[in-house]
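Read off the chains here:
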Amino acid sequence: MKTLLKICSSIIVVTLLIVLTTACSDIDSVTSNSKETITQDLQSNNIENIKRPFRFSTIGPAEFLEPGAEGSVQRCNEEGLLTVRYSGEGEAIHLGHHTFISTNCSPFPFPAPSITNITKGITIFTAANGQDKLITSFSGQQEFNENGEGTVTVVNEIIGGEGKFKGATGQTTGGGSGSGGIVSTESSGYIIFDASNRSDL
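In this report, we go over the structure that sits alongside the text.

About the thresholds
Residues numbered from 1 in each chain as written. Predicted model: local features only at pLDDT ≥ 70, side-chain atom pairs only at ≥ 80, totals over all residues. Heavy atoms only, no water. Phe/Tyr/Trp six-rings, centres within 6.5 Å; stacked < 30°, edge-to-face > 60°. Lys NZ or Arg CZ within 6 Å of the ring centre and 35° of its normal. Helix = DSSP H or I, 4+ residues; strand = E, 2+ residues; numbered from the N terminus. Contact = heavy atoms within 4.5 Å. Buried < 20%, exposed > 50% of the residue type's maximum accessible area, 1.4 Å probe, protein only. Disulfide = S-S within 2.5 Å.

**A look at the packing of aromatic side chains**
Now for step 1: One pass over the structure, following the stated rule, counts 5 aromatic pairs.
Now for step 2: One aromatic cluster is present, formed by Phe54, Phe56, Tyr86, Phe100 and Phe125 through successive ring pairs.
Now for step 3: The ring of Tyr190 carries Lys51 above its face, with NZ or CZ at 4.3 Å from the centroid.

Written as structure tokens, this is what we have:
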């Protein structure tokens with residue numbers, strides 16, 4: 001009888017060891033798979049490239065460029081369209097203090113009061129370090145009153161950049177106003193860029 005109990009006890013102990021070994025193996029497998037998934041996410045920037053709030057404000061002079069003038073662009077040299085160049089400085093989240101230059105195509109002359117379309121807009125924002133840049137394309141509308149004062153509404157698509165903003169995407173919406181040739185704008189939305197090496201976000 002004692003011998004039988006010893007045999008049974010041994011079988012139970014062996015069975016428990018097998019079960020525990022199998023369970024631990026499964027846990028190790030799950031943990032390993034989780035680590036692999038996290039690593040893959042990190043490598044593919046699924047974690048670093050996340051949507052972040054983005055806002056910017058700008059101020060500066062706007063001017064109309066005749067076809068062929070310095071700084072004009074061929075894409076606006078259609079009949080009834082002039083290039084509008086807008087440049088100056090501003091502030092932006094993630095970019096800080098910056099300078100910018102922007103061009104778009106606008107109908108001319110402007111009958112006042114009127115609402116006209118802004119097309120083929122491109123803006124390059126350059127950070128104070130000269131290395132980090134954001135590039136956006138934009139379109140929208142502008143309205144002028146009888147006094148020549150205007151307001152604009154635009155949608156900006158972030159289409160890339162340089163430095164830490166290489167490959168950036170995103171979108172903002174906003175607008176601004178102008179008087180006496182000086183235009184100020186504000187826009188807000190989101191930006192997606194690789195922040196894996198940033199410690200301040």
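Still more ground to cover, so stick around.
**Thoughts on the environment of Gly160**
Now for step 1: Structurally, Gly160 can be placed in strand S6 (residues 150-162).
Now for step 2: Beyond its immediate sequence surroundings of up to four residues, Gly160 is in contact with Lys133, Leu134, Ile135, Phe165 and Ala168.

**Considering unusual backbone geometry**
A negative phi angle characterises most non-glycine residues, just as the trans form characterises most peptide bonds.
Now for step 1: Despite not being glycine, His94 shows a phi value in the positive range, around 75°.
Now for step 2: Tracing the chain through its elements places His94 in the loop between strand S2 (81-92) and strand S3 (96-107).
Now for step 3: Judged by relative accessible area, which is 16%, His94 ranks as buried.
Now for step 4: The backbone of Lys120 sits at a positive phi, close to 55°, despite the residue not being glycine.
Now for step 5: When you line up the elements, Lys120 lands in strand S4 (residues 114-127).
Now for step 6: Since its relative accessible area comes to 41%, Lys120 is described here as partly exposed.

**Observations regarding the state of the cysteines**
Here, the word disulfide means a covalent bond between the sulfur atoms of two cysteines.
Now for step 1: Using the criterion set out here, one finds 1 disulfide in the structure.
Now for step 2: The disulfide partner of Cys76 is Cys105, and the gap between their sulfur atoms is 1.8 Å. Linking Cys76 and Cys105, the disulfide has an S-S dihedral of approximately -75° and is accordingly described as left-handed. In this pair, Cys76 sits in the loop between strand S1 (51-65) and S2 while Cys105 sits in strand S3, placing the two residues 29 residues apart along the sequence.
Now for step 3: Classification of Cys76 by relative accessible area gives buried; the value is 0%.

Geometry only, nothing functional implied.
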